[in-house]
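Read off the chains here:
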Amino acid sequence: QVQLVESGGGLVQTGDSLRLSCAASDRTFSYYAMGWFRQPPGKEREFVATISWSGDNTYYADSIKGRFTISRDNAKNIMYLQMVSLKPEDTAVYYCAAARDRLMAASPADYDYWGQGTQVTVSS
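Reference entry: report on the structure contained in this document.

## Points about the nonpolar core
Then comes step 1: Counting residues in hydrophobic clusters, the biggest one holds 37 residues, and the most contacted among them are Leu4, Met34, Trp36, Met79, Leu81, Met83 and Tyr94.
Then comes step 2: Listed by contribution, the elements that provide at least two residues to this core are β3 (18-24), β4 (33-39), β5 (46-51), β7 (68-73), β8 (78-83), β9 (92-99) and β11 (118-123).
Then comes step 3: A per-element tally of this core places β9 first, with six residues.
Then comes step 4: Not counting chain neighbours up to four residues away, the residues in contact with Leu81 comprise Leu18, Arg19, Leu20, Trp36, Val48, Ala49, Phe68, Thr69, Ile70 and Tyr94.

Here it is, written out as structure tokens:
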């Protein structure tokens, strides 16, 4: 079972940047499609971005396209989410997740393992 730990969240101002990290406990990390999701206050969890096991394929939610970049380093068992031009509506708890037997996935139901989340707060 893969354990995932997010880090890098914090309180920033509109227009700032942050890089989130998701560290996996197992070398099988490289076999999984990975994704980032977020849950804004009072709302349901929503898809942010996903990346294939090789890193060659990525897919983004329209709301963050052009501002966020997902990447992974399989040698280090880490996935990243680089966020720039942050907006107050990006405020949420951000979760990373791992999916078996998929190239990529945009639905929470497709994921098998989840991290505990990291808070990102963007002030106006």
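That was the structure; now back to the text.
## Topic: the pairing of β4
Taken residue by residue, a regular strand's side chains alternate between the two faces of the sheet.
Then comes step 1: A large share of β4 lies buried, amounting to six of its seven residues.
Then comes step 2: As judged from the seven bridges shared by β4 and β9, these two strands associate in the antiparallel manner. Directly across from Gly35, in β9, lies its bridge partner Ala97.
Then comes step 3: Hairpin connection, β4 to β5: the antiparallel pair is bridged by six residues, and Gly42 has positive phi, about 75°.

## A word on the pattern of salt bridges
Then comes step 1: Taken as a whole and assessed by the stated rule, the structure comprises six salt bridges.
Then comes step 2: Close ionic contact of Asp90 with Arg38 constitutes a salt bridge, the shortest N to O distance being 2.9 Å. Taken together, the positions of Asp90 in the loop between β8 and β9 and Arg38 in strand β4 put the pair 52 residues apart, joining distant regions of the chain.
Then comes step 3: Residue Arg102 is joined to Asp110 by a salt bridge in which the shortest nitrogen-to-oxygen separation is 3.2 Å.
Then comes step 4: Counted as one network, the salt bridges with shared partners bring together Arg38, Glu46, Arg67 and Asp90.

## Considering the environment of Asp16
Then comes step 1: Position of Asp16 among the secondary structure elements: in the loop between β2 (10-13) and β3.
Then comes step 2: With residues up to four places along the chain from it excluded, the contact list for Asp16 reads Met83, Val84, Ser85 and Leu86.

Cut-offs and rules
Here the residue numbering is sequential within each chain, running from 1 through the sequence in written order. Where local features are concerned, this predicted model is filtered to residues with pLDDT of at least 70; where side-chain atom pairs are given and counted, the filter is 80 or more; whole-chain, interface and lining totals use all residues. Water and hydrogen atoms were dropped before computing side-chain values, which therefore reflect all heavy atoms in the structure. Put simply, a nonpolar core is a bunch of buried Ala, Val, Leu, Ile, Met, Phe, Trp, Tyr and Cys residues held in one set by side-chain atoms that sit within 4.5 Å of each other. To sort residues, take the accessible area from a 1.4 Å probe on protein chains only and compare it with the maximum for the residue type: under 20% means buried, over 50% means exposed, and anything in between is partly exposed. A run of H or I in DSSP becomes a helix once it reaches four residues, and a run of E becomes a strand once it reaches two; helices and strands are each numbered from the N terminus. In this description, contact between two residues means that some pair of their heavy atoms is separated by no more than 4.5 Å. For two strands to be treated as a pair, DSSP must find at least two bridges joining them. Here, a salt bridge means any side-chain nitrogen of Lys or Arg that lies within 4 Å of a carboxyl oxygen of Asp or Glu.

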